[in-house]
Amino acid sequence: MHNLDFALTGAWQVLLAGLALGAGLPILFALGIRSLAWGAGEASVNTSGVTAGTKRPLGTALGYALFAVVVLGVLLGLTFIVASGFGYKLDFSHIYPTLAEK
């Protein structure tokens, strides 16, 4: 019975890691696109022409912040792959990730 408990605990951890890394980054990218669109404002079309909407700097800043998180996640993943190829491992014992020999 304990083995089943260990297996289910491990399965939940793998599921959460997969959601965070597999689907989490594309979701953050999509939210960044939506934030940039919201920050640009909504244009309106009249008989006299197109008028630009009011800009929202908070939406633009939020969009760029979300893009920065996505880029950092991708760079961290590439660092993990390249470091393991050179015989290093990614160490998270400090606040920021460092490379340590295996």
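Just so it is clear, the model here is predicted, and its values are computed rather than measured.

K.L.:
Help me understand the overall build of the protein in this model?
P.N.:
Along the backbone of the protein there are two helices and four strands. Helices and strands appear in the protein in the N-to-C order α-β-β-α-β-β. Here the C-alpha atoms of the protein give a radius of gyration of 21 Å, more than 25% beyond the 13 Å that 2.2 N^0.38 yields for 102 residues. For the protein, the spread of C-alpha atoms along the principal axes amounts to about 70 × 40 × 20 Å. Residues counted as buried form 13% of the 102 residues belonging to the protein. Within the protein, contacts between residues at least 6 apart in sequence are counted, and of these 33% link residues at least 24 apart. Accessible surface for the protein amounts to roughly 8,100 Å². Of this, 72% is attributable to carbon and sulfur atoms.

K.L.:
What's the story with the pairing of strand S3 (residues 88–91) in this structure? I'm lost.
P.N.:
It is a general feature of regular strands that their side chains alternate between the two faces of the sheet. Here S3 runs beside strand S4 (residues 98–101); their pairing, made up of four bridges, is antiparallel. The residue of S4 that forms the bridge with Leu90 is Leu99. Where S3 hands over to S4, the hairpin turn is made up of six residues, counted between the paired strands.

K.L.:
Sorry if this is basic, but what is going on with the environment of Tyr64 here?
P.N.:
Following the sequence through the fold, Tyr64 ends up in helix H2 (residues 57–85). Residue classification places Tyr64 among the exposed positions, given a relative accessible area of 52%. Distance in space between the C-alpha atoms of Tyr64 and Ile33 is 9.0 Å, their sequence separation being 31 residues.

K.L.:
It is not clear to me how the environment of Phe86 should be interpreted in this structure. Could you clarify?
P.N.:
Here Phe86 shows up in the loop between H2 and S3. Put simply, Phe86 and Tyr64 are 22 residues apart on the chain and 33 Å apart in space, counted from C-alpha to C-alpha.

K.L.:
I keep staring at the environment of Ala83 and nothing clicks. Help me out?
P.N.:
Along the chain, Ala83 turns up in helix H2. Separated by 18 residues in sequence, Ala83 and Glu101 have C-alpha atoms that sit 9.2 Å apart. Once residues within four sequence positions are removed from consideration, Ala83 is found in contact with Tyr88 and Leu99.

K.L.:
Whenever I open this one, a nonpolar patch on the surface confuses me. Can you help?
P.N.:
The grouping of Val71, Val74, Leu75, Leu78, Phe80, Ile81, Val82, Phe86, Tyr88 and Leu99 at the surface amounts to a nonpolar patch, some 1,000 Å² of accessible area in total. For the nonpolar patch, the element with the most residues is H2, which contributes seven residues. Relative to the helices and strands, Val71 resides in helix H2.

K.L.:
I would appreciate a short explanation of the packing of aromatic side chains in the present structure.
P.N.:
Geometry of an aromatic ring pair is reported as the spacing of the ring centres plus the angle between the planes. Under the definition given, this model contains one aromatic pair. An angle of 45° between the planes, with centres 5.3 Å apart, marks the rings of Phe29 and Phe67 as tilted. Taken together, the positions of Phe29 in helix H1 (residues 2–40) and Phe67 in helix H2 put the pair 38 residues apart, joining distant regions of the chain.

Parameters at a glance
- Residues numbered from 1 in each chain as written.
- Predicted model: local features only at pLDDT ≥ 70, side-chain atom pairs only at ≥ 80, totals over all residues.
- Heavy atoms only, no water.
- Helix = DSSP H or I, 4+ residues; strand = E, 2+ residues; numbered from the N terminus.
- Rg over C-alpha atoms; globule rule 2.2 N^0.38 Å.
- Buried < 20%, exposed > 50% of the residue type's maximum accessible area, 1.4 Å probe, protein only.
- Contact = heavy atoms within 4.5 Å.
- Areas by Shrake-Rupley, 256 points an atom, 1.4 Å probe, with all protein chains shown as cover.
- Pairing = 2+ DSSP bridges.
- Patch = residues over 30% accessible without salt bridge, like charges linked within 9 Å, V, L, I, M, F, W, Y side chains within 5 Å.
- Salt bridge = Lys/Arg side-chain N within 4 Å of Asp/Glu carboxyl O.
- Phe/Tyr/Trp six-rings, centres within 6.5 Å; stacked < 30°, edge-to-face > 60°.

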